[in-house]
Amino acid sequence: MTDKIFSFVKKHNMINKGDTVICGLSGGADSVCLLIVLYEISSKIGFTVKALHVNHCLRGAESDRDENFCRELCEKLGIPFKAVSCNVTAFAEEKQLSVEESARILRYGIFAENSGGAKIATAHNANDNLETVIFNLARGSALKGVSGIPPVRDNIIRPLLAVSRNEIENHLKTLNQEYVTDSTNLSDDYTRNKIRHQILPVLCGINPSLVETSVNSIETLREENSLIEEMTEKALKDCKDGNRLHGLENFHEVVRRRCIARLLTENSLPYSHDRLENMDDILVKGGKVNVSGDIFFISDGHNAELTKICPVSEPEVISEELKTGENSIFPDRILECKIIMCEDFRKIYGVHKKLTFYLLDYDKIKGRVILRNRRFGDRIKLQGKNFTSSVKKLINSEVPAEQRAELHFLEDENGTIFAEKLGIAERVAPDDKTVRLLKISIRNK
């Protein structure tokens, strides 16, 4: 297996002679295997191996056990070792994030702070890669999302992506090498663990070699995505000038749509497959399409641009990407959001008879979420309704005139999902399958 990993490292030019590679060492089977393999191949390439352990302080004595195990292993191998502790729970409360997401942010922050220009090796394996692809596919993703975890990104390298978790454990068994087990990985508390413990076993029942065969499939998808990205970069260089596109109709539709997606992203505008398809049709044939609020995409079939068309009576356009915690787009008001785990959202409704907040199914939201003010032509299909309504009509009938100027709206790539005073869209309403909730509350400063 060492030769297999060595070939993967060389193929992706992960490590060069004279490099320093810091192994992210948790003490689990994957990271222990990574450390040992790096130690074994270091003399072949000529690089230095160090180890960095992040103690998340989440599991009390078990967390300290893991740190001590890693320290002793490195002492045995003669590898320089460093441990850094962080308070994940406090960070999660402060930033209003899930514990899982907070741990990831803090871990990569510690990696960056302690790399000093060195490369960081993480122990993501073929199983992790397949789980990521399935997760992205379940939420809805284009080619980039199903291309998996990149082997190299900036100074982060992942040498184990070509080997399965089963290969890793068998290799350690052959070496008679011990490792520790994180008890949280044995539960189904998180979405990824549900994929790992429930979905993958079913798929492997259909194809016992699923993980192994996925390595080449994902690699092919990644290479094809890389080629399209290169073509997109060339098209943007030749055809893009600010928010204008010219001559893009001569490129393949796949490249055109990626260019349009880049243009929308640069302007903090959400998009979907249908929106890109519509805008691409306008780009080639000419015409005008409303993108969001007063922003339109206009084309004569050769020259296209993203531009604002503001009615004189319309208020100033306010728009920014929603972030967890406090958001403020109006002088005297605060919109606060956080992600919470909830097995039964009806319990929350039962406790809070008079809701002062709104709950959305976070996993039903598509792409990025934009916080904005009211726009001309806004429409929404509210929760519990079987028809789409004009926001203007709803506001005129339900919201006092003095409150209408400072209403908060949220939209994802498929349109409006929340309108203050009116409610949430039916398509993001929580149900019996809801796992994560986006909690929205609004207050005066």
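Structure first, text after, so check above.
Residues numbered from 1 in each chain as written. Predicted model: local features only at pLDDT ≥ 70, side-chain atom pairs only at ≥ 80, totals over all residues. Heavy atoms only, no water.

Trainee: For this particular structure, what's the right way to read the environment of R65?
Mentor: Among the secondary structure elements, R65 is positioned in helix α3 (residues 61–77). Discounting chain neighbours no more than four positions away, the residues touching R65 are R59, V180 and T181. At a separation of 2.7 Å, a polar atom in the side chain of R65 contacts the side chain of D66. (Helix = DSSP H or I, 4+ residues; strand = E, 2+ residues; numbered from the N terminus. Contact = heavy atoms within 4.5 Å. Polar contact = N/O pair within 3.5 Å; in protein donor to acceptor, adjacent residues only side chain to side chain.)

Trainee: For this particular structure, what's the right way to read the sheet that holds strand β2 (residues 48–55)?
Mentor: The strands that make up a sheet pair up through hydrogen bonds in the backbone, lying either parallel or antiparallel. Here we have six strands laid out as an open sheet, ordered β3-β2-β1-β4-β6-β5, and mixed in their pairing. Two strands bound the open sheet, and with one partner strand each, they are β3 (81–85) and β5 (152–153). Taken together, the two bridges between β5 and strand β6 (residues 156–157) define a ladder with antiparallel strand orientation. By the bridge assignment for β6, R153 is matched with I156. Sheet strands touched by helix α2 (residues 29–45): β1 (20–24), β2 and β4 (119–121). Its angle to β1, the strand with the most contacts, is close to 160°. (Pairing = 2+ DSSP bridges. Axes fitted to C-alpha atoms, helices over the stretch in contact; angles between N-to-C directions.)

Trainee: What exactly am I supposed to notice about the sheet that holds strand β22 (residues 436–444) here?
Mentor: Reading across the sheet, the four strands line up as β13-β14-β22-β15 and stay open at both edges, with antiparallel pairing between neighbours. Edge positions in the sheet fall to β13 (325–330) and β15 (357–361), since each of these pairs with one other strand and no more. Taken over all neighbouring pairs, the strand axes of this sheet differ in orientation by 25° on average, direction set aside. As judged from the nine bridges shared by strand β14 (residues 333–341) and β22, these two strands associate in the antiparallel manner. Within β22, the position partnered with R333 by the bridge is N444.

Trainee: Can you walk me through the packing of helix α10 (residues 253–266) against helix α11 (residues 273–285) in this structure?
Mentor: Relative placement of two packed helices is described by the angle separating their axes and the distance separating the axes. One way to put it is that α10 packs onto α11 with a least axis distance of 10 Å and a crossing angle of 110°. With respect to each other, α10 and α11 are oriented roughly perpendicular. Residues E253, R256, R257, I260, A261 and L264 of α10 form the contact with α11, whose participating residues are L276, E277, M279, D280, L283 and V284. For the contact of α10 with α11, a count of residues per class yields seven nonpolar, no polar and five charged. (Parallel < 35°, antiparallel > 145°, perpendicular 65-115°, else oblique. Nonpolar A, V, L, I, M, F, W, Y, C, P; charged D, E, K, R; others polar.)

Trainee: Looking at this structure, how should I read unusual backbone geometry?
Mentor: Of all residues except glycine, most have a negative phi; of all peptide bonds, most are trans. Of note in the backbone geometry, N13 takes a positive phi value of approximately 50° without being a glycine. Structurally, the position occupied by N13 is in the loop between α1 (2–11) and β1. Phi angles above zero are rare outside glycine, and S268 is one such case at about 55°. Looking at the secondary structure, you find S268 in the loop between α10 and α11. Take S268: its relative accessible area is 28%, and that puts it in the partly exposed class. (Buried < 20%, exposed > 50% of the residue type's maximum accessible area, 1.4 Å probe, protein only.)

Trainee: Before we go on, may I ask you to explain the side chain of D361 in this structure?
Mentor: With respect to the element layout, D361 can be found in strand β15. In this structure D361 is buried but unpaired, with K364 as the nearest side chain of opposite charge at 4.2 Å. Those residues within four positions of D361 in sequence are excluded, and the remaining contacts are V428, A429, P430, D431, T434 and R436. (Lys, Arg positive; Asp, Glu negative; His and termini not counted. Salt bridge = Lys/Arg side-chain N within 4 Å of Asp/Glu carboxyl O.)

Trainee: I'm lost on the packing of α2 against helix α7 (residues 165–174) in this one. Help?
Mentor: The geometry of α2 relative to α7 is characterised by a closest axis approach of 10 Å and an angle of 65° between their N-to-C directions. Here α2 runs over α7; the crossing is left-handed. On α7, the residues that touch A29, D30, V32, C33 and I36 of α2 are R165, I168, E169, H171 and L172. Grouping the constituent residues of the contact of α2 with α7 by class yields six nonpolar, one polar and three charged. (Left-handed = near helix turned anticlockwise from the far one by under 90°.)

Trainee: I keep staring at the nonpolar core and nothing clicks. Help me out?
Mentor: Nonpolar side chains in soluble globular proteins tend to be buried together. I15, L35, L38 and F47 are the most contacted members of the largest nonpolar core, which has 45 residues in total. Sort the elements by how many residues they give to this core and α2 lands first, with ten residues. With residues up to four places along the chain from it excluded, the contact list for L38 reads I15, V21, C23, F47, V49 and A121. Grouped together as the second largest cluster of nonpolar side chains are 30 residues, I329, V369, V399 and I440 included. (Core = buried A, V, L, I, M, F, W, Y, C linked by side-chain atoms within 4.5 Å.)

Trainee: So what exactly am I meant to see when it comes to the pattern of salt bridges here?
Mentor: Two side chains with opposite charge may pair up if their charged atoms get near one another. Scanning all chains against the criterion turns up 33 salt bridges. E219 is the salt-bridge partner of R222, the closest N and O atoms lying 2.3 Å from each other. Of this pair, R222 and E219 both sit in helix α9 (residues 210–239), three residues apart, which is roughly one turn of the helix. Residue R222 is classed as buried on the basis of its relative accessible area, which comes to 13%. The network of salt bridges with shared partners includes R59, E62, R65 and D66.

Read these as geometric descriptors, not functional statements.
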